[in-house]
Amino acid sequence: MTASSPTEIPSRARSERPARRAAAAVAAVASALACASPPPAPARLLEPLSRAPAVAPTPADHLAARLAAAALVGRRDDAARLLDALERDAAAAREGARAAKRSRGEGRVIARSGERRALVALASDLAASTLPDERAYRDAARDLLSRGDLDEALRARLEQAVADDPVALARARLRDRYEALWADTFNAVSAPLGRSLLTGYATAPLELSMSAVHWVARWFERPPVGLFERQALRHWDDYLARHPDAAATPEARGWSAWADGVRADLRRMQRDHFAAAAELALEHAQPDLARAQIQRARAIAPGADAPGADAPGAIAPGADAELDALDARAADAVARRTALRAASLEAPDALDPHSLGNDAALLRAVWVEPAPALGLRLRARLDAAAAARAATASELDAARFALATTQHEQGAESAAWAALDRIASGDPQATTVARHAAALVASPWQNPDRAFHAESARSVRRAVATEIFGRYASGPRYRALPAEVAYLIDAPVIAQTALSTPFRLLLSPLQGGPRPDWRRGAAIAAYRYLERFPDGEHVRERVEWLFEYEEDRENALGALRLADWIPDFDAERRAELAEEAAAQQLDRAVDARRRDTRAQLLRGVVREFPDSEAGKQAGLRARDEREKGTPQRIRMTRGFLAENPRIAGPLGLGIDPMLLDGSLHNGELHDEGVSFLGGRVVELALVAQSGEPKDEPERVRARVGAERLARTVALLEESALLGVELDADDAQTVDGSRDLYLERARLGLTDEVDARPTAESTYVYRGLRERYGLVRGRESILPFDLVLQGSLGELGLGAFPRWRPPEPTPDAFLYR
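(A) Main features of the overall build of the chain. Within the chain one finds 31 helices and seven strands. Going through the 816 residues of the chain one by one, you find that 36% of them count as buried. Entry remark: accessible area of the chain is about 48,000 Å², with carbon and sulfur atoms responsible for 57%.

(B) Quick look at the nonpolar core. Core analysis: the biggest nonpolar cluster contains 33 residues, and Leu-530, Phe-547 and Phe-609 have the highest contact counts within it. Those elements that place two or more of their residues in this core are helix H18 (448–469), helix H21 (520–532), helix H22 (539–552), helix H23 (556–563), helix H24 (571–591), helix H25 (595–608) and helix H26 (613–628). Contact partners of Phe-547, with chain neighbours within four places excluded, come to Ala-559, Leu-562, Ala-563, Ile-566, Phe-569 and Leu-577. With 28 residues, the next largest nonpolar core counts Phe-640, Ala-648, Leu-684 and Leu-716 among its residues.

(C) Geometry of the pairing of strand S3 (residues 681–686). Judged by how many residues are buried, S3 sits mostly within the fold: five of six residues are covered. In this sheet, S3 lies alongside strand S2 (residues 669–676) in antiparallel orientation, the contact comprising four bridges. Among the inter-strand pairings, Val-674 is bridged to a residue of S3, identified as Leu-684. As consecutive antiparallel partners, S2 and S3 are separated by four residues, and within that stretch Gly-678 has a phi angle of approximately 100°, a positive value. Pairing between S3 and strand S4 (residues 698–703): six bridges, direction antiparallel. Within S4, the residue paired with Glu-683 across the bridge is Arg-701.

(D) Structural view of the side chain of Arg-711. Among the secondary structure elements, Arg-711 is positioned in helix H29 (residues 706–726). A distance of 3.3 Å separates a polar atom in the side chain of Arg-711 from the backbone oxygen of Leu-651. With residues near it in sequence (within four places) discarded, Arg-711 still touches Leu-49, Ser-50, Arg-51, Pro-650 and Leu-651.

(E) Highlighting the environment of Ala-614. For Ala-614, the location among the structural elements is in helix H26. Ala-614 gets classed as buried once you look at its relative accessible area, which sits at 7%. In the structure, Ala-614 is positioned 27 residues away from Asp-587 in sequence and 9.3 Å away in space, judged by C-alpha atoms. Not counting chain neighbours up to four residues away, the residues in contact with Ala-614 comprise Glu-579, Ala-582, Ala-583, Leu-586 and Val-605.

(F) Representation of helix H9 (residues 227–242) within the structure. The first and last C-alpha atoms of H9 sit 23 Å apart over 16 residues, in line with the 22 Å expected at 1.5 Å per residue. Residues of H9 that are buried: Leu-227, Phe-228, Glu-229, Arg-230, Gln-231, Ala-232, Leu-233, His-235, Trp-236, Asp-237 and Tyr-239. Buried positions along H9 lie against helix H5 (134–145), helix H7 (166–195) and helix H10 (250–283).

(G) Geometry of the packing of aromatic side chains. Tallied over the entire structure, the rule returns 15 aromatic pairs. When the ring of Phe-186 is compared with that of Trp-803, the centres are 5.4 Å apart and the planes differ by 65°; the resulting orientation is edge-to-face. Pair noted here: Phe-186 is in helix H7 and Trp-803 is in strand S7 (residues 796–803), with a separation of 617 residues, a long-range link. Under the relative-accessibility criterion, Trp-803 is labelled buried at 18%.

(H) Representation of the packing of helix H8 (residues 204–221) against helix H19 (residues 483–499) within the structure. H19 packs onto H8 with a crossing angle of 135° between their chain directions and a minimal axis gap of 11 Å. The angle between the axes of H8 and H19 places the two elements in the oblique class. Viewed along their axes, H8 and H19 form a crossing whose handedness is left-handed. The segment H8 lies against H19, with Met-210, Val-213, His-214 and Ala-217 engaging Ile-489, Asp-490 and Pro-492. Considered class by class, the residues forming the contact of H8 with H19 number five nonpolar, one polar and one charged.

(I) Looking closely at the pattern of salt bridges. One pass over the full model with this rule turns up 55 salt bridges. Notably, a salt bridge pairs Asp-184 with Arg-222, separated by 2.5 Å at the nearest N-O pair. Of this pair, Asp-184 sits in helix H7 while Arg-222 sits in the loop between H8 and H9, placing them 38 residues apart in sequence. For Asp-184, a relative accessible area of 15% corresponds to the buried category. Residue classification places Arg-222 among the partly exposed residues on the basis of a relative accessible area of 28%. Residues Glu-608 and Arg-561 are paired through a salt bridge, measuring 1.8 Å at the closest nitrogen-oxygen approach. Here the residue Glu-608 occupies a position in helix H25, and Arg-561 occupies one in helix H23, the gap between them amounting to 47 residues. Here Glu-608 falls in the partly exposed class, since its relative accessible area comes to 37%. Judged by its relative accessible area of 36%, Arg-561 falls in the partly exposed class. Ionic contacts of the salt-bridge type, sharing partners, join the residues Glu-134, Arg-138, Asp-139, Arg-142, Asp-165 and Arg-242 into one network.

(J) Seen up close, the side chain of His-243. Mapped onto the elements, His-243 comes out in the loop between H9 and H10. Note on His-243: relative accessible area 5%, which makes it buried. At a separation of 2.9 Å, a polar atom in the side chain of His-243 contacts the side chain of Glu-134. Residues contacting His-243, with those up to four places away along its chain left out, are Asp-133, Glu-134, Arg-135 and Arg-138.

(K) Region of interest: empty space enclosed by the protein. Summed over the entire model, instances satisfying the criterion amount to three cavities of 30 Å³ or more. Considering only enclosed or pocket space, the largest cavity measures out at about 120 Å³ in volume. If you trace the largest cavity, you find 13 residues lining it, with Gln-632, Tyr-741, Arg-744, Val-753 and Asp-754 closest to the centre. Considering only residue class, the lining of the largest cavity consists of five nonpolar, five polar and three charged.

Conventions adopted
- Residue numbers here run from 1 along each chain, matching the order of that chain's written sequence.
- The predicted origin of the model limits local features to residues at a pLDDT of at least 70 and limits the giving and counting of side-chain atom pairs to 80 or more, whereas totals for whole chains, interfaces and linings rest on all residues.
- As a rule here, side-chain values cover all heavy atoms of the structure and leave hydrogens and water aside.
- By the criteria applied, helices consist of DSSP H or I runs no shorter than four residues and strands consist of E runs no shorter than two, each listed in order from the N terminus.
- Burial classification: accessible surface area is computed with a 1.4 Å probe over protein chains only, and a residue below 20% of its type maximum counts as buried, one above 50% as exposed, and the rest as partly exposed.
- Note on areas: Shrake-Rupley, 1.4 Å probe, and residue coverage restricted to the protein chains presented here.
- Nine residue types can take part in a nonpolar core, namely buried Ala, Val, Leu, Ile, Met, Phe, Trp, Tyr and Cys, and a core is a set of them joined through side-chain atoms within 4.5 Å.
- Here a residue-residue contact requires only that any non-hydrogen atoms of the pair lie within 4.5 Å.
- For two strands to be treated as a pair, DSSP must find no fewer than two bridges joining them.
- Two N or O atoms count as a polar contact when they lie within 3.5 Å, although within protein this holds only if one can serve as hydrogen donor and the other as acceptor, and sequence-adjacent residues are included solely when both atoms are side-chain atoms.
- Expected span, for any helix, means 1.5 Å times one less than how many residues it has.
- Centres within 6.5 Å are what make two rings of Phe, Tyr or Trp a pair, Trp counting through its six-membered ring; a difference in plane orientation under 30 degrees is then read as stacked, over 60 as edge-to-face, and the rest as tilted.
- In this description, a line fitted to the C-alpha atoms serves as the axis of each element, helices being fitted only across the stretch in contact, and the angle between N-to-C directions of two axes falls anywhere from 0 to 180 degrees.
- Orientation categories follow fixed angle ranges, with anything under 35 degrees roughly parallel, anything over 145 roughly antiparallel, 65 to 115 roughly perpendicular, and all other angles oblique.
- What makes a crossing left-handed is the near helix being turned counterclockwise from the far one by less than a right angle; a clockwise turn instead makes it right-handed.
- Each residue is assigned to one of three groups, with Ala, Val, Leu, Ile, Met, Phe, Trp, Tyr, Cys and Pro labelled nonpolar, Asp, Glu, Lys and Arg labelled charged, and all others, Gly among them, labelled polar.
- Basic side-chain nitrogens of Lys or Arg form a salt bridge, by our definition, when they fall within 4 Å of a carboxyl oxygen of Asp or Glu.
- Using a grid of 1 Å spacing that covers the protein atoms alone, one calls a set of points a cavity when a 1.4 Å probe fits there but cannot get out, and a pocket when the set is open and has protein on both sides within 12 Å along at least five of seven lines; lining residues are those with an atom within 4 Å of a point.
- Grid points are joined across faces, edges and corners, and a volume is the space filled by probe spheres set on the points.

Structure follows, in structure tokens:
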């Protein structure tokens, strides 16, 4: 080895410096790129299963266990004695906590003292639950609520128990009734005063007078027994059913007298309702239905001479004259219909072989082998019979009827229906054929072309009336009043609405939202025509009309089907329609809840639109459904886990804290959260490598033990029930498949996977912030709202306080 000369060393160093600088630059760039994108998720997604440390039971724990045993077997005396001992122990613990305030173990002693106070509260509630009467339990619950050391969940449950008092609920509903009346009266005064601000109260007298008229009209609109009164009556009946011994108390006698009066009013109201239904049935030529409604009215409120007339709610003598009159009208209509049917049966056959002489065989052949030559022969024979005046009017109508049906079968629709119109214009009482023709002409199924024109005209009238008169197009607001009076009350507002039509037409495109489909009836008639007469005279017209209709309502699939009926349809436009229809079908398939339905719809998109982009996407999704489909997909979002940290904590699912620390550099849980996929498999959705929460997350699956799954599910159900107790807005909707899977998981029975599509659940547990945003809206503590009101339709503007009427209870729909 030869040593380098002194002159060689500096030159080599100078040649190596650029290479070292380039290597350092490359390393710096690589380091910067590595810092720019988050590293992959940590290898350990779930922490090892941990258990709570064993704690030796204290004397208080022993007392609580013995108290629970005594309460469960119904030994109330022993439960009361043990409760006193538990309270003394808690008092001693509080004294010890005060004595240890300045000691080093202050925090632990105080914590144990708080736990004992909570234990005493739970034990007191358990001992009170053994009381023989629910009234006594509610009294004990009220006493417990006066304590200040109750757990929030226990306090919420006790408040619900106290509120579940039938008598208190009945009083509350009656208060709601009077409050609703007060709110209506208050708003009837404040609203017109507020609307007259712009005119300096010059129009206040007129506004107040009109508001008073509307208030009186609403008074007549109210039913004799309103919603709140029916609810109060139900609560009182429940109270008497639970406590029969309470019927003899003075308070109960007063309530019973009120209940009898309400029942009588309710029976009369129902009787009037069925009487009005019978009147409506008679107007629509349905006498059998009218008689059934009359029978129901008599059964609810019997007359003075009927059995049970002494019962509350029986109508006074002579008050059932209206029902008698309705019954007589219905019986007369039934008799006339029966006589008409008998006359039809006794009338000579419309195709009697003797009615047209020797052409009986011709008339028989009309119904079995219509042909153009046959029609000509029938027309010649008919002209001869008319000229000779040898046939009666009924015979001529029968022949015309036969000719019209022959023409219709040969494709001459217009001539056939014109002939049937002429026959139907005759007297239906005089000839049977006129009734048959009238039935054919008026039938929307037999005569869909006429139904199409009628529905088209009706849709135009409804659309124009709605644009001009707004909500008053269907009639006045107050239907209980006579029509003349109701229209007179609404006349000023209807006039204002009509005058503001140009402004509403200008602003209607900016309002958005769904608009009524006025042409739906005409579209049904047009589709019915295509189904009944695919080779009819008006097929081309109906197809073009339906194509425009489907395009207007953005139904690409329907427009595509109709485009195939139109000759020489533009090929490029059809290709665009095929792409749009495929995309719509793909969206429908993706939104399907059951996986077998999704797979079937996706395969349908692939088969029907194989050359479209949506068909390609449907094929990929169908393959994913086949390869990655799971028996369940019950998901807990990240927001839900953040609001319920015990589920994700070490005593639950045990998610690695690095996935929940908010830092993307060590991996982070996506907003989609964690999903139960069936069996004991869970899926964690992690933020993508790009670090963008909007990108598709990376999904990692893990198989957990039966114990971890059971503990997680138990905490999940406990947190869901606790959320309902603390906040009514946190209620979880019903899902039977979800509950079945969670029950099996809690019992450790998930080794056998239920792969039926009907057993799949796609339920999602969401947090309150995800449901309602950052801050949920809360009702004001004031009983009224400050309203700034403007109405373009009525040309009104004003500001006024509006008293809030009481909100209907969740069970109000049962009493409507």
